[in-house]
Amino acid sequence: MITINEHYLKLQASYLFSDIARRVATFQQNNPEVEVIKLGIGDVTRPLPRACIEAMHRAVEEMGAEPTFRGYGPEQGYAFLREAIALHDFQARGADIQADEIFVSDGAKCDTGNIQELFSQDIRVAIPDPVYPVYLDTNVMAGRTGEFAHGRYQGIVYLDSTRENNFVPSLPAEPVDLIYLCFPNNPTGSTISKAELKTWVDYARANKALILFDAAYEIFIRDESLPHSIYEIEGAKEVALEFRSYSKSAGFTGTRCAYTVVPKECTAFDRNGNRQLLHSLWNRRHCTKFNGVSYPVQRAAEAVYSEEGRMQTRELADYYLQNAASVRREMQALGFSLVGGENAPYVWIDGGRDSWEFFDMLLNKAGVVCTPGAGFGRCGNGYIRISAFNSHENVEKALQRIRQALS
Ligand code: PLP
């Protein structure tokens, strides 16, 4: 008899986006004349940078000619891309990361979801609340949690991100082995200072723990005192892996390219207490289960680091940040307290009422779709997330409608 992985049965159905879609559909049915403006999901809307398109075109031509055709590439990514990443994303910021510590992939979602395979079943896992749900669900699937009760999975150490700690979680009160951190944060748009990040690195070093640092929104950092990479913190190479993505930095959500950094010094322990290199384990896993990102897409990602590419991706992020600034300005003027939107494409707004109630009010009175904070965890209740991924025109129109609806 074929039996299933019963841990999947513990998963809470993701009602969030289907619930949103259902409510929007009902609203549209009842109000067909209203053009709904979506500031909900975290998907980009602007086209790919010119430099990426041109590089991809050239690569496609190479694939169409016998002398330059390429079949399977290296699973870890082509050297041209890994070298560009190491140089521009790390060495240029004083972080000593080498090309062979970069593993190119087709998404940070897969990487942040798959990485937990390297660790044993009985580790203690710390996950922020609110959170990008992939970290949590993949640990549920792997059997590292108990049942879901009162809005939380048993066995997980939740790291509350609240107004009281400025949406940067404090060190856990109980011992943990694996820690997920994401800055700039989805969903709150909050950031972490070097000093705060250092406390986490020091904690991991002192407690033989490992940090998984998701920096998918790094391109939006404008405050130059903030760390772009955890490897800007001394000692992090021994206790942290980092995840990056071109999805938000270069509009690659539909093109697919990302990478994970696994430093050679970074270790975890076997049952005898001996240190094992995570680089060797992840390399083995990556080569066994993944066959590389397509050549044209890797050439497009490489073009992000050209002079034009850097300018164009900066402009792209600035475009969305301008939207975020408008959202901040308008919502603050309406009397809401909020965070994010200055170094991140998300603004996290305290609605002063139930998340879904605020969502319904914005939808029904303004025809604007946001994301209810409660969908990201218990600490998200009372908040909504407004995303900056839309055109200037739509964001201005949405804000004008919200102003009218609330006044
Ligand atoms: N990490 C965070 C925090 C995200 O918000 C997202 C996407 O929304 C991802 C990772 C996924 O990135 P990718 O498109 O590279 O899979």
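Residues numbered from 1 in each chain as written. Predicted model: local features only at pLDDT ≥ 70, side-chain atom pairs only at ≥ 80, totals over all residues. Heavy atoms only, no water.

Examining the site of the ligand
Okay, step 1: In the region of the ligand, 14 residues are neighbours, and Asn186, Asp214, Tyr217, Ser245 and Ser247 sit closest.
Okay, step 2: Taking alanine 108, its main chain carries an N or O atom lying 2.8 Å from an oxygen atom of the ligand.
Okay, step 3: A distance of 2.6 Å is found between an oxygen atom of the ligand and a side-chain nitrogen or oxygen belonging to serine 245.
Okay, step 4: If the ligand stood free it would expose 400 Å²; the protein chains cover 90% of that surface.
Okay, step 5: When residues of the shell around the ligand are traced back to their parent elements, those giving at least two are α4 (108-114) and α7 (246-249).
Okay, step 6: Of the residues belonging to the shell around the ligand, the class tally is six nonpolar, four polar and four charged. (Near = heavy atom within 4 Å. Polar contact = N/O pair within 3.5 Å; in protein donor to acceptor, adjacent residues only side chain to side chain. Areas by Shrake-Rupley, 256 points an atom, 1.4 Å probe, with all protein chains shown as cover. Helix = DSSP H or I, 4+ residues; strand = E, 2+ residues; numbered from the N terminus. Nonpolar A, V, L, I, M, F, W, Y, C, P; charged D, E, K, R; others polar.)

What about the packing of aromatic side chains?
A ring pair, where both rings are aromatic, is described by two values, the distance of the centres and the angle of the planes.
Okay, step 1: Within the structure shown, the criterion is met by 23 aromatic pairs.
Okay, step 2: A ring pair is formed by tyrosine 78 and tyrosine 295, whose centres lie 5.4 Å apart and whose planes are at 75°; its orientation type is edge-to-face. On the criterion of sequence distance, the pair formed by tyrosine 78 in the loop between α2 (50-63) and α3 (79-90) and tyrosine 295 in helix α9 (residues 295-303) is long-range, its members being 217 residues apart.
Okay, step 3: In this structure tyrosine 78 comes out as buried when scored by relative accessible area, which is 9%.
Okay, step 4: Overall, the relative accessible area of 4% leaves tyrosine 295 in the buried class.
Okay, step 5: For the pair tryptophan 200 and tyrosine 203, a centre-to-centre distance of 6.4 Å together with 65° between the ring planes defines the contact as edge-to-face. Of the two residues, tryptophan 200 and tyrosine 203 are both situated in helix α6 (residues 194-207); the distance of three residues between them amounts to about one turn of the helix. We note that tryptophan 200, like tyrosine 203, is buried. (Phe/Tyr/Trp six-rings, centres within 6.5 Å; stacked < 30°, edge-to-face > 60°. Buried < 20%, exposed > 50% of the residue type's maximum accessible area, 1.4 Å probe, protein only.)

Some words on the environment of proline 49
Okay, step 1: By the element assignment, proline 49 lies in the loop between β1 (37-38) and α2.
Okay, step 2: Ignoring any residue separated from it by four or fewer positions in sequence, one finds proline 49 in contact with Ala250, Gln312, Thr313 and Leu316. (Contact = heavy atoms within 4.5 Å.)

Concerning helix α12 (residues 392-406)
Okay, step 1: Relative to the 21 Å expected for 15 residues at 1.5 Å per residue, α12 spans 21 Å between its end C-alpha atoms, a close match to the ideal helical length.
Okay, step 2: Along α12, the positions that sit buried rather than exposed are His392, Asn394, Val395, Ala398, Leu399, Arg401, Ile402 and Ala405.
Okay, step 3: Lining the buried residues of α12 we find β1, α10 (307-333), α11 (355-366) and β15 (368-369). (Expected span 1.5 Å × (residues − 1).)

A word on the nonpolar core
Okay, step 1: The biggest cluster of nonpolar side chains holds 51 residues, and the ones touching the most others in it are Ile179, Ile211 and Tyr246.
Okay, step 2: Not counting residues within four places of it along the chain, the set of residues in contact with isoleucine 211 comprises Ile179, Leu181, Trp200, Val201, Ala204, Ile230, Val239, Ala240 and Leu241. (Core = buried A, V, L, I, M, F, W, Y, C linked by side-chain atoms within 4.5 Å.)

Details of the sheet that holds strand β16 (residues 371-372)
Okay, step 1: Strand order in the open sheet made by the four strands is β13-β14-β17-β16, with antiparallel pairing throughout. Across the chains shown, the open sheet's two edge strands, defined by having one partner strand only, are β13 (337-340) and β16.
Okay, step 2: Note that β13 and strand β14 (residues 346-350) share four bridges and pair antiparallel. Opposite glycine 340, over in β14, you have valine 347 as the bridge partner.
Okay, step 3: The sheet contacts of α11 involve β14, β16 and β17 (383-387), and relative to β17 the element is tilted by about 45°. (Pairing = 2+ DSSP bridges. Axes fitted to C-alpha atoms, helices over the stretch in contact; angles between N-to-C directions.)

Quick word on unusual backbone geometry
Okay, step 1: In this model, phenylalanine 183 is joined to proline 184 through a cis peptide bond whose omega is -10°.
Okay, step 2: Looking at the element boundaries, proline 184 is found in the loop between β7 (178-182) and α6.
Okay, step 3: Across the junction of asparagine 186 and proline 187, the peptide omega takes the value 15°, indicating a cis bond.
Okay, step 4: Along the chain, proline 187 turns up in the loop between β7 and α6.

A closer look at α2
Okay, step 1: In this model, α2 (14 residues) spans 20 Å end to end at C-alpha, consistent with the 20 Å of a helix rising 1.5 Å per residue.
Okay, step 2: The complete set of buried residues in α2 reads Ala51, Cys52, Ala55, Met56 and Ala59. Looking straight down α2, one finds that the buried residues subtend no more than 125° of arc, so they occupy a single side. Opposite the buried face of α2, at more than 90 degrees from it, the exposed residues are His57, Arg58 and Glu61. (Arc of directions from axis to C-beta.)

Here we look at the pattern of salt bridges
Okay, step 1: Counted according to the given criterion, the structure contains 26 salt bridges.
Okay, step 2: The salt bridge involving glutamate 330 is made with arginine 403; its shortest N-O contact spans 2.7 Å. Here glutamate 330, found in helix α10, pairs with arginine 403, found in helix α12; they are 73 residues apart in sequence, far enough to count as distant.
Okay, step 3: By relative accessible area, which is 15% here, glutamate 330 ends up buried. (Salt bridge = Lys/Arg side-chain N within 4 Å of Asp/Glu carboxyl O.)

With respect to the domain arrangement of the chain
Okay, step 1: When the domains of the chain are assigned, the result is domain 1 (6-47 + 308-406) and domain 2 (53-306).
Okay, step 2: Using C-alpha coordinates to define each centre, domain 1 is positioned 25 Å away from domain 2.
Okay, step 3: In this assembly, 37 residues from domain 1 lie in contact with 47 residues from domain 2.
Okay, step 4: Here aspartate 318 and arginine 222 are joined by a salt bridge, their closest N and O atoms 2.9 Å apart.
Okay, step 5: Joining domain 1 to domain 2, the criterion identifies 21 residue pairs in polar contact (both at pLDDT 80 or more). (Domains from an automatic or database assignment.)

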